[in-house]
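Read off the chains here:
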Amino acid sequence: MDRLGSFSSDPSDKPPCRGCSSYLMEPYIKCAECGPPPFFLCLQCFTRGFEYKKHQNDHTYEIMTSDFPVLDPSWTAQEEMALLEAVMDCGFGNWQDVANQMCTKTKEECEKHYMKHFINNPLFASTLLNLKQAEEAKAADTAIPFHSLKMAVVDIYHSRLKERQRRKKIIRDHGLINLRKFQLMERRYPKEVQDLYETMRRFARIVGPVEHDKFIESHALEFELRKEIKRLQEYRTAGITNFCSARTYDHLKKTREEERLKRTMLSEVLQYIQDSSACQQWLRRQADIDSGLSPSVSMAPNSGRRSAPPLNLTGLPGTEKLNEKEKELCQMVRLVPGAYLEYKSALLNECNKQGGLRLAQARALIKIDVNKTRKIYDFLIREGYITKA
């Protein structure tokens, strides 16, 4: 059984072939017995008798193509659809753009064919007139009287007022007017309960303020009970059977934690500090803290601000481009070689332009610590890379 059908000329608009999954190109085959969904095959899969599930190669079929005339013997159905799509894309009257999009017809042919068969055609003209009359009748039937429109606006206004009143009532009932006081009340709970309070706040408008506060207080009590139970279980695991032993256990545990923290801090400091005098200064400062003295009071008469250890340049990019003096500068200033080379190049270029360079100009060029800028500036002056203005 053969039947002619028309589809869009764009292959991506058609479903793929069920045999090879490729885009279908006209003409192609549609099984008349399978579906829905429709079962399409390209000519190659059809000629080799492709079968899939319920589809058999002896089923009746239809030949899908748009290569046939509809309104004009010289225009195929595919060209008719291409003309309509081009008019929709380019707009009515832009016949040159329509012809460029179609590629198969000239400007005059597109205009003549469209005006003859789609504008001046009595069949299409009467259909458009009927559609226009139907739309006008529907608009007349659905027109809203002015009085009804005013009543609708008033109803909308009243609904807004009711919603505003409802929100104000929620704010008053839950004590949210003084937000600062409300936030201070929240902070009296532990962190876990505060998170729960924040999560359950959106449900406060559903229940009353008393019920909501009872819910939060009950969860805070539950948290405290769980915390206390966990502490008692820890005592039981440690073999403690009375509260006097529990107090001794807590004191010893706190002491061990403090000692462990001190050892951790000391190991971290010793890991990064290579200067023995700076290390001794830090130890004296910790001793002052342990003895109850102010950490700002130093026991050493000549102790000042602890200097940072020199920067290790091993493996840093750009180190091989520095000489020994530049490496020493980067280590003392704690500046990576790449940044130093960039700053050096900027200062050299500015010095060559101006015939000299002042410290203020150098600080304006490189936006880093002013002390580091001075050390770099003095080094470049001393080594003869730049000259003072």
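This one's a predicted model, so the numbers in the text were calculated from it and none came from an experiment.

Rules of the game
- Residues numbered from 1 in each chain as written.
- Predicted model: local features only at pLDDT ≥ 70, side-chain atom pairs only at ≥ 80, totals over all residues.
- Heavy atoms only, no water.
- Salt bridge = Lys/Arg side-chain N within 4 Å of Asp/Glu carboxyl O.
- Helix = DSSP H or I, 4+ residues; strand = E, 2+ residues; numbered from the N terminus.
- Buried < 20%, exposed > 50% of the residue type's maximum accessible area, 1.4 Å probe, protein only.
- Axes fitted to C-alpha atoms, helices over the stretch in contact; angles between N-to-C directions.
- Parallel < 35°, antiparallel > 145°, perpendicular 65-115°, else oblique.
- Left-handed = near helix turned anticlockwise from the far one by under 90°.
- Contact = heavy atoms within 4.5 Å.
- Nonpolar A, V, L, I, M, F, W, Y, C, P; charged D, E, K, R; others polar.
- Patch = residues over 30% accessible without salt bridge, like charges linked within 9 Å, V, L, I, M, F, W, Y side chains within 5 Å.
- Areas by Shrake-Rupley, 256 points an atom, 1.4 Å probe, with all protein chains shown as cover.
- Pairing = 2+ DSSP bridges.
- Polar contact = N/O pair within 3.5 Å; in protein donor to acceptor, adjacent residues only side chain to side chain.
- Phe/Tyr/Trp six-rings, centres within 6.5 Å; stacked < 30°, edge-to-face > 60°.
- Lys NZ or Arg CZ within 6 Å of the ring centre and 35° of its normal.

**Q** Before we go on, may I ask you to explain the pattern of salt bridges in this structure?
**A** A pair can form between side chains of opposite charge whenever their charged atoms are brought close. Evaluated as defined, the whole model comprises ten salt bridges. With a shortest N-O distance of 2.8 Å, Lys-253 and Glu-234 are connected by a salt bridge. With Lys-253 in helix 10 (residues 243-272) and Glu-234 in helix 9 (residues 209-237), the pair connects residues that are 19 residues apart, well separated along the chain. The exposure class assigned to Lys-253 is partly exposed, which follows from its relative accessible area of 31%. Its relative accessible area of 28% is what places Glu-234 among the partly exposed residues. A salt bridge links Arg-260 to Glu-257; the nearest nitrogen and oxygen atoms lie 2.9 Å apart. Residue Arg-260 and its partner Glu-257 are both found in helix 10; the two are separated by three residues, about one turn of the helix.

**Q** Please clarify how the packing of helix 2 (residues 77-90) against helix 3 (residues 95-102) should be interpreted in this entry.
**A** Relative orientation and spacing of two packed helices are given, respectively, by the angle between their axes and the distance between those axes. One can describe the packing of helix 2 onto helix 3 by two numbers: an axis separation of 9 Å at closest approach and a directional angle of 135 degrees. Classified by the interaxial angle, the pair formed by helix 2 and helix 3 is oblique. For the element pair helix 2 and helix 3, the recorded crossing hand is right-handed. Together, Glu-79, Ala-82, Leu-83, Glu-85, Ala-86, Val-87, Asp-89 and Cys-90 of helix 2 and Trp-95, Asp-97, Val-98, Gln-101 and Met-102 of helix 3 make up the contact between the two elements. Classifying every residue of the contact of helix 2 with helix 3 by side-chain character gives eight nonpolar, one polar and four charged.

**Q** Can you walk me through a nonpolar patch on the surface in this structure?
**A** A cluster of nonpolar residues, Ile-171, Leu-176 and Ile-177, forms a patch on the protein surface that exposes about 260 Å² of accessible area. Structurally, Ile-177 can be placed in the loop between helix 6 (146-173) and helix 7 (179-186).

**Q** Sorry if this is basic, but what is going on with unusual backbone geometry here?
**A** Generally, phi is negative for residues other than glycine and the peptide bonds are trans, each holding for most cases. Phi angles above zero are rare outside glycine, and Lys-53 is one such case at about 55 degrees. Considering the arrangement of structural elements, one finds Lys-53 in the loop between helix 1 (43-47) and strand 4 (61-64). At Cys-103, a position not held by glycine, the phi torsion is positive, near 70 degrees. Its place among the elements puts Cys-103 in the loop between helix 3 and helix 4 (107-119). On the basis of relative accessibility, which here comes to 64%, the residue Cys-103 falls in the exposed class.

**Q** How should the pairing of strand 4 be read in this particular structure?
**A** It is a general feature of regular strands that their side chains alternate between the two faces of the sheet. Residues of strand 4 alternate between two faces, with Glu-62 and Met-64 buried on one and Tyr-61 and Ile-63 left unburied on the opposite face. Note that strand 2 (residues 28-31) and strand 4 share four bridges and pair antiparallel. The residue bridging Ile-29 from the neighbouring strand is Ile-63, located in strand 4.

**Q** Explanation requested: the side chain of His-113 in the structure shown.
**A** In this fold, His-113 is placed in helix 4. In this structure His-113 comes out as buried when scored by relative accessible area, which is 4%. Within the structure, His-113 has its side chain in polar contact with the side chain of Glu-80 (distance 2.8 Å). Setting aside its immediate chain neighbours within four residues, His-113 contacts Asp-72, Trp-75, Glu-80, Leu-83 and Phe-118.

**Q** Which parts of the structure should I look at to understand the packing of aromatic side chains?
**A** Aromatic ring pairs are reported here in terms of the distance separating the ring centres and the angle at which the planes meet. Per the counting criterion, the structure on display carries seven aromatic pairs. Between the aromatic rings of Phe-50 and Tyr-52, the centroid separation amounts to 6.3 Å while the plane-to-plane angle is 10 degrees, which identifies the pairing as stacked. Taking relative accessible area as the criterion, Tyr-52 reaches 34% and is therefore assigned partly exposed. For the ring pair Trp-95 and Tyr-114, a centre distance of 5.6 Å and an interplane angle of 55 degrees mean the geometry is tilted. In this pair, Trp-95 is assigned in helix 3 and Tyr-114 in helix 4, connecting sequence segments 19 residues apart. No difference in accessibility class separates Trp-95 from Tyr-114, as the two residues are buried. Grouped by ring-pair contacts, the aromatic residues Phe-92, Trp-95 and Tyr-114 constitute a single cluster. A cation over a ring is seen here: Lys-105 above Trp-75, with NZ or CZ 4.9 Å from the ring centre.

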